[in-house]
Amino acid sequence: MKNPAFIYHRPVGLDETLSLLADVGHDAKILAGGQSLLPTMALRLGPPEQLIDISRVPGLDGISVSATGEVTVGALVRHATVEHSADVGRYAPLVAETMPYIGHRAIRNRGTLVGSIAHADPAAELPAVCLALNATLRAVSTDGTRDIPAAEFFEGYLQTALKPNELLQQVTFPAWPSTSGGALVEVSRRHGDYALVGLACALDVRDGVVASASLAFFSVGSTAQRVSEAEAHLVGSEPSAELFARAAEVVSEALNPAPDVHGTTAYRKHLAGVLTERGLSQATAAIGVPA
Amino acid sequence: MSNTTQQSGLGFVGQSVKRVEDQRLLTGKGCYVADIEPEGVLHAVFVRSPLAHARVTSIDVDAARRAPGVAAVFTGADIVEATNPFPPFLMLPNLYTPLHWALSDKKVRMVGDPVALVLATSRYLAEDAAELVEVDYEPLDAVASISDALAADSEPLWEKADGNVVYDQTDTYGDVDAVFAAADRVITERFSCQRQANQPMETRGSVIEVDPDTGHLTVHNATQSSHMLRWIIAALADKQSTPSSLKSFVANKERRNAFVSAAKDFVSTNADSLQEQDNAGMISQVKADKSTLVHLQRIALGLLGRDNYPTVKAQDIGGGFGAKGSIAREDVALAAAAIKLGRSVKWIEDRVENLTDGGHAREETLEVAVAVDNDGTLRGMKVDLIVDQGAYPGFPVGAPFATRIMKVMFPGSYKFDAYGLRTRVVSTNKGKYVAYRGPWANETWARERMLDVVARALRMSPTDLRLKNMIGEADMPTKMITGPTLDETMSTKKTLERAIELVDLDAFATAKEEAAKAGRRLGIGFACYHEAAPGPPDYLTSVNPGTDALSAETARTTVQADGSVVVYTGQMPHGQSHETTYAQVVADELGVGIEDVELVWGNTDRTPFSVLGTGGSRGGPMGGGSVKYSSRKVRDLINHQAAEMLEASPSDIEIIDGNIHVAGVPARGLSFGEVAAAAAAGAAPTDAAFEATVDYGGHGDGGWSTATHVCFVDVDLSTGIVTIPRYLVVEDCGPVINPAIVDGQVRGGVAQGIGAVLYESSIYDSDANLQATTYMDYLIPTAAEIPDIEVHHIETLSPGENDFRGVGEGGMIGAPAAITNAVEDALSDLGARVTDQYLPPSRILELAGII
Amino acid sequence: MSTTNVGDSLGVVLTINGKRHMLEVEPRRSLSDVIREDVGLTGTHLGCEHGVCGACTVLVDGQPARSCLMLAVQADETEITTIEGLADGDELHPIQQAMHESHGFQCGFCTPGFLMSTVALLSENPQPNRSEIRAELSGNLCRCTGYQSIVDGVETAVSLLNEAQGNQP
Ligand SMILES: Cc1cc2nc3c(=O)[nH]c(=O)nc-3n(C[C@H](O)[C@H](O)[C@H](O)COP(=O)(O)OP(=O)(O)OC[C@H]3O[C@@H](n4cnc5c(N)ncnc54)[C@H](O)[C@@H]3O)c2cc1C
Ligand code: FES
Ligand code: FES
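Source: prediction; values computed, not measured.

Brief notes about the overall build of chain A
Here is step 1 of the chain: Looking only at helices and strands, chain A features 12 helices and 14 strands.
Here is step 2 of the chain: Scaling as 2.2 N^0.38, a compact globule of 291 residues should have a C-alpha radius of gyration of about 19 Å, and chain A matches this with 19 Å.
Here is step 3 of the chain: The dimensions of chain A, computed from C-alpha atoms along their principal axes, are 55 × 45 × 35 Å.
Here is step 4 of the chain: Burial analysis of chain A (291 residues in total) assigns 59% to the buried set.
Here is step 5 of the chain: Expressed as a percentage of contacts within chain A between residues at least 6 apart in sequence, the contacts between residues at least 24 apart total 61%.

Some remarks on the interface of chain B and chain C
Here is step 1 of the chain: Contacts between chain B and chain C engage 56 residues on the former and 40 residues on the latter.
Here is step 2 of the chain: Overall, the association of chain B and chain C removes approximately 4100 Å² of surface from exposure, summing both partners, and the carbon and sulfur fraction of that is 57%.
Here is step 3 of the chain: Between the two partners, chain B and chain C, sit 5 salt bridges.
Here is step 4 of the chain: Between B:D788 and C:R134 there is a salt bridge, with the nearest N and O atoms lying 2.6 Å from each other.

Some points on the environment of B:P477
Here is step 1 of the chain: You can see B:P477 is positioned in the loop between α17 (462–469) and β18 (478–479).
Here is step 2 of the chain: In the structure, B:P477 is positioned 11 residues away from B:E488 in sequence and 7.4 Å away in space, judged by C-alpha atoms.

A word on the site of ligand 1
Here is step 1 of the chain: Around ligand 1, the surrounding shell holds 32 residues, and the nearest of these are A:I30, A:G34, A:L37, A:T112 and A:E125.
Here is step 2 of the chain: Those chains with residues close to ligand 1 are chains A and C.
Here is step 3 of the chain: In this structure, A:I30 approaches ligand 1 through a main-chain N or O atom, which is 2.6 Å from an oxygen atom.
Here is step 4 of the chain: Here an oxygen atom of ligand 1 sits 3.0 Å away from a polar atom, N or O, in the side chain of A:H79.
Here is step 5 of the chain: Contact with the protein chains covers 96% of the free accessible surface of ligand 1, which is 960 Å².
Here is step 6 of the chain: Of all the elements in the fold, those that place two or more residues in the shell around ligand 1 are β2 (28–31), α7 (113–119) and β10 (167–173) of chain A.
Here is step 7 of the chain: Sorting elements by how many residues they give to the shell around ligand 1 places α7(A) first, with 5 residues.
Here is step 8 of the chain: Residue composition of the shell around ligand 1, by class: 16 nonpolar, 13 polar and 3 charged.
Here is step 9 of the chain: Shared between two domains, the shell around ligand 1 holds at least three residues of each, these being domain 1 (1–54 + 61–174) and domain 2 (181–286) of chain A.

Here we look at a negative patch on the surface
All names here are of chain B.
Here is step 1 of the chain: Together, D60, D62, E134 and D136 line one region of the surface with negative charge.
Here is step 2 of the chain: The residue D60 is located in strand β2 (residues 54–60) in this model.
Here is step 3 of the chain: Under the relative-accessibility criterion, D60 is labelled partly exposed at 38%.

Quick notes on the sheet that holds strand β3 (residues 50–53) of chain A
Here is step 1 of the chain: One open sheet holds the 4 strands; their spatial order is β2(A)-β3(A)-β1(A)-β1(C), and the pairing between them is mixed. Here the strands that pair on one side only, and so sit at the sheet edges, are β2 of chain A together with β1 (2–4) of chain C. Going from strand to strand, the sheet's axes swing by 20 degrees on average, the running direction of each strand aside.
Here is step 2 of the chain: Running over the sheet, helix α1 (residues 14–24) of chain A touches β1 (7–10), β2 and β3 of chain A and is turned about 165 degrees from β3(A).

Points about the packing of aromatic side chains
Residues and elements named next belong to chain B.
Here is step 1 of the chain: Taken as a whole and judged by the stated rule, the model has 15 aromatic pairs over all chains.
Here is step 2 of the chain: Between F46 and W347, the ring centres sit 5.2 Å apart and the planes meet at 85 degrees, which makes this aromatic pair edge-to-face. Separated by 301 residues along the polypeptide, F46 in strand β1 (residues 42–48) and W347 in strand β13 (residues 345–348) bring together distant segments of the chain. Take F46 and W347: they sit in the same class, and that class is buried.

Observations regarding the interface of chain A and chain B
Here is step 1 of the chain: Taken residue by residue, the interface counts 25 residues in chain A and 35 residues in chain B.
Here is step 2 of the chain: Carbon and sulfur atoms make up 60% of the area that chain A and chain B hide from each other, which totals about 2300 Å².
Here is step 3 of the chain: Looking only at chain A, the three residues that lose the most surface to chain B are A:R44, A:R189 and A:R190, adding up to 31% of its buried area.
Here is step 4 of the chain: Where chain A touches chain B, the interface holds 4 salt bridges.

Brief notes about the pairing of strand β10 (residues 205–210) of chain B
All names here are of chain B.
Here is step 1 of the chain: In terms of residue burial, β10 counts as a mostly covered element, since 5 of its 6 residues are buried.
Here is step 2 of the chain: In terms of strand pairing, β10 meets strand β11 (residues 217–221) through 5 bridges, oriented antiparallel. For E209, the partnering residue across the bridge sits in β11 and is T218.
Here is step 3 of the chain: Between the antiparallel neighbours β10 and β11 lie 6 residues, among them G215 with a positive phi of about 75 degrees.

Quick word on the domain arrangement of chain A
All names here are of chain A.
Here is step 1 of the chain: You can read the domains of chain A as domain 1 (1–54 + 61–174) and domain 2 (181–286).
Here is step 2 of the chain: Between the C-alpha centres of domain 1 and domain 2 there is a distance of 25 Å.
Here is step 3 of the chain: Between domain 1 and domain 2, the contact holds 23 residues from the first and 23 residues from the second.
Here is step 4 of the chain: In total, about 1700 Å² of surface goes out of reach between domain 1 and domain 2, with carbon and sulfur atoms giving 60% of it.

Examining helix α24 (residues 739–758) of chain B
Here is step 1 of the chain: The end-to-end C-alpha separation of α24(B) is 28 Å, in line with the 28 Å expected for 20 residues at 1.5 Å each.
Here is step 2 of the chain: With respect to burial, α24(B) is a largely interior element, 18 of its 20 residues being buried.

Thoughts on the side chain of C:E26
Here is step 1 of the chain: With respect to the helices and strands, C:E26 occurs in the loop between β3 (19–25) and α1 (31–38).
Here is step 2 of the chain: Setting aside its immediate chain neighbours within four residues, C:E26 contacts C:G7, C:D8 and C:S9.

Remarks on the environment of A:A247
All names here are of chain A.
Here is step 1 of the chain: Here A247 lies in helix α11 (residues 241–254).
Here is step 2 of the chain: Residues A247 and E231 lie 16 residues apart in sequence; the distance between their C-alpha atoms is 7.7 Å.
Here is step 3 of the chain: With residues near it in sequence (within four places) discarded, A247 still touches A230, H233, L234, T276 and L280.

Brief notes about the nonpolar core
Here is step 1 of the chain: Of all hydrophobic cores here, the largest spans 170 residues; its most connected members are B:L366, B:V368, B:Y539, B:V713, B:Y727, B:Y775 and B:L827.
Here is step 2 of the chain: Broken down by element, this core gets its largest block of residues, 9 residues, from helix α25 (residues 810–826) of chain B.
Here is step 3 of the chain: Residues in contact with B:L366, not counting those within four places in the same chain, are B:E189, B:R190, B:F191, B:D384, B:L385, B:M406, B:F410, B:N442, B:W445 and B:A446.
Here is step 4 of the chain: Membership of the second largest hydrophobic core comes to 55 residues, among which are A:L18, A:A75, A:V88 and A:L94.

Definitions and limits used
Residues numbered from 1 in each chain as written. Chains lettered and ligands numbered in written order. Predicted model: local features only at pLDDT ≥ 70, side-chain atom pairs only at ≥ 80, totals over all residues. Heavy atoms only, no water. Helix = DSSP H or I, 4+ residues; strand = E, 2+ residues; numbered from the N terminus. Rg over C-alpha atoms; globule rule 2.2 N^0.38 Å. Buried < 20%, exposed > 50% of the residue type's maximum accessible area, 1.4 Å probe, protein only. Contact = heavy atoms within 4.5 Å. Buried area = accessible area lost by both parts, 1.4 Å probe. Salt bridge = Lys/Arg side-chain N within 4 Å of Asp/Glu carboxyl O. Near = heavy atom within 4 Å. Polar contact = N/O pair within 3.5 Å; in protein donor to acceptor, adjacent residues only side chain to side chain. Areas by Shrake-Rupley, 256 points an atom, 1.4 Å probe, with all protein chains shown as cover. Nonpolar A, V, L, I, M, F, W, Y, C, P; charged D, E, K, R; others polar. Domains from an automatic or database assignment. Patch = residues over 30% accessible without salt bridge, like charges linked within 9 Å, V, L, I, M, F, W, Y side chains within 5 Å. Lys, Arg positive; Asp, Glu negative; His and termini not counted. Charge placed at Lys NZ, Arg CZ, Asp CG, Glu CD. Pairing = 2+ DSSP bridges. Axes fitted to C-alpha atoms, helices over the stretch in contact; angles between N-to-C directions. Phe/Tyr/Trp six-rings, centres within 6.5 Å; stacked < 30°, edge-to-face > 60°. Expected span 1.5 Å × (residues − 1). Core = buried A, V, L, I, M, F, W, Y, C linked by side-chain atoms within 4.5 Å.

So this is what it looks like as structure tokens:
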């Protein structure tokens, strides 16, 4: 189980990287933390011919918070850095809450948040978090810069809206109002595994009623997905166990996850419902409480 | 890291002496097969079939041969030409064992079936070249399950077999029909167990060195059975024509004489056991495949016609659990390649290969009918067992032999008036069946599960039903209905009684009710068994006449001329800490410290012959016994020599901490060096001063290990996740050599049992494609899933002089039954009936009626 | 900017257990293969080569990483600690000593990974409780022990390390 041969590029500047992508993007993959790319290489599952190692590109390793409270994470920021960032804990509590669920410490020390999003594994947590929070994904190429809303980014199993010549430069999570609460809940077979089903949810409650709700599930299909029927059901009502139970029914009804060796369709539908109730009550409890 | 603090003079046996192995294993200085890299070695990669069942219509290796770094590519046809097929090893009446070669040639029978072997200067280049091998396949219908295999129109894997059922045997004890007719009730249930994989953390691997002058092979291999591997490579890897073997044999007088004397020796030591063997097995085999005799003859003459058998070596082995006791087809192909090329070759299996072709086990269905009276008296049992052995038969022993143990052990520690078992073994297009830690364990699982079913039907408590029917000390000595003698060492009942004391069933019942109010389901499950460890002499005879010859172990204890103690064993430790436990035994016999004992294993040039190596929980009883008695003989020799030197009687000689002296006068003692030098005076410098070899097959008594496992489960009905708040084992393996090591063996086994029930499944789809080919899908439980496991010991001494009893397998034998019983108990008010061993969360919710 | 073609090698400087190694490696080679084969430190083991078993865990700049999931070229200019770097001559590292005292391991194959993960765990959380230990070590698989003895070993290591610190404040 050894990597196949590839042409290895190690650019040291963003422009270099973008012109490389412009030249060879069709045959190349970006190497960030390598925690998803390298296992697939070793298994020789359709490996790319060229790798572009972006580890020496300056300016991609920062976490910044805007004056309005938006949190931006650059392409080289590792999971572990996000996990331990006080800014993320304060301004993007749902992201902070998510990090410990991702694999194990050794994986988080190498893998990047942006890499996970670019990889678009339907079982991964972060794409769902991006959907739940309406994150903005910035793609750059020699053609310019595009800001892609999360809702338009995840196109299919390991498929995104990124073009072969584009680098995902950063992700920006919108400001988190004090009226909001979020939760990341999942069930996995073993500690640290990808989830059987998981949910990233956010609830904004104003004047005692749900002003907005987002429910983004992972491990339920070929991409992470939001269940707008259930969200619509929540908006305008007072948070309550009954409301959440009804939302759970709507979720179980709406989703149709494919079976795999770890769980049947019926099981995953059921689990999605259970997690809906669990997630929504945790999110309600978290309102106004920083992670 | 010395053990001096532990020298109490009271003896090391029985103490948790710290491991001798640790000094190297904790510092990264161990030496595993992957760590061996001879100069200029070629790295091997096998090209494997992507299809489960197909004819190979063509294979093109030209591009691969031309690829960078490639030294050679062998196809299936090349290997078939150069080698002998794997022959049947144990022939049983009504069994057909398909002959098969190290690589597949015209037909592939499983995903992962090796069809070509690529050798290149690096593993990377070999993998690159392997991708260039082009094979055309013509697909055949896949046989993906036991029911596929039983279907009349299933595509036969083996032309010479009659369909895909390769073994069909019925055994009865007592008048089964009469007993069933007379009993108050008959209760029937059908159980099924999923495919599991042994999965040692180190995969298989072989590094074969070729001596450029003599052609002698040195095979470094992660094997549980070095001598068996040596013989098999000698027998298969270099096919010689019958006439040329004969010529070479006849021409060499020395070899002829050696053979005749070895054969005489074997026949005289195994006379009884050979007499018990009949020819029915051979007749069944030859009836199916006449070529068997031709091949066997060619193999036998080939062995006689050669002087130069390979040397097999191993130092550290990263676990095996049975899988590395099976001879890998790959090893024979590699040896053939090394011989052809005259160059060293290296193959380290990768994890995908290991999950696919490194050994599977336990895929079995078991229909059990129990005849029982209304008062709970068990009368009779009937079992219909079907085992899926996958595509290739395990070598030397595979599924058929395991079923013979199941046959004997199925009635467990209980009294039955009659018992019958029908056994079928089927071929399917899946990975090969190998022995996995207690290969017969599903008899315990099905029986102990069934007892809970019976108890529920009779509204009895599972423990009462067990106690009522269990054979206890008052019944001893007696026999199992299947033949083996039971004495006090069959102490299952004591372990159950002790377990009941330890768990407080009343308190649990209250907790269960409380939890139910809060929506949680608690359950408790018991499982009881005894295992042959090694068992009495009539045990293996009951399993299969003649097999007792396999079980013995030989050890050689020496004191070298410089006074150092060197002990040789045929055992192949791979995690069981033999260096420590054998040092404890030897040190006690000789009166020396742990660090004074050097153990030599894993080198067939130096170690005594052992057929099985390490496996079958024989390391303690057989290996330990052989080491003990060879050391005792040496002690006697030392006593005599020292007595002469100290002018005393041998019976007055005492040895403490290596000081050999007349009892009471330690100040006038002699060192081992002094006594050895005196004894060795005049001998050749290579000879040991003292030496004794003992071939140990037990004392002829007892030899059972027993245990009761109790599992508590907490089932989350919203997610189907099962947690284990408490797990305890009460076990009796007689006198414990090293409690910490025994506890480790038990806990490791229980962890595999937990894996078997809650996490692990080598599942295939309906086209026989393996679905769990990586560690993302084959789930080995982690530290977060396995609870602390309480281990309680009872040390029943044997009525005779049985010494140590085995303990390696038991943990895994008891756990699946205890866990599945606990789950059914937890879900009992929901009407759940647990008939599968594998209970992933989705299955739990199905059983609970929630999805 | 550098580009390395198929079959070509790239210069890499690795400081392993305090010793600098200047190596020429093909970019596709994993850090684990380079540590084992080029540097000859075979104490780091390969159990799965796809990131799950943890046997290959080493410390890269003090942090645990799967050496099978890193290219050696990605480790250029880093400080790496392997199991061979734990003991001080014949003096075992307290974690090794603790594992010895607790009968932590059996076959020893998973051992390097567990030891390196434990070093990292205890440097971040010097007083973990049993369930924290179990959670943090869940990225390492052991097939032999059932883990209890390893968890015991970590607890023993905690007390040994505390003792050591008590002795030299
Ligand atoms: C054992 C194990 C367990 C894991 N468990 C989990 C888990 O529970 N949850 C989870 O979410 N993940 C898990 N992961 C995956 C981990 O989170 C990865 O780190 C992450 O998915 C990818 O990040 P990376 O930086 O390693 O990306 P890489 O592996 O380097 O790249 C992944 C893909 O994204 C592309 N890419 C990366 N960065 C960019 C960029 N800036 N622009 C464009 N394309 C880019 C690459 O070309 C590649 O196709 C696990 C991994 C392992 C090995
Ligand atoms: S070998 Fe690296 S994680 Fe298994
Ligand atoms: S000790 Fe063998 S795998 Fe852990």
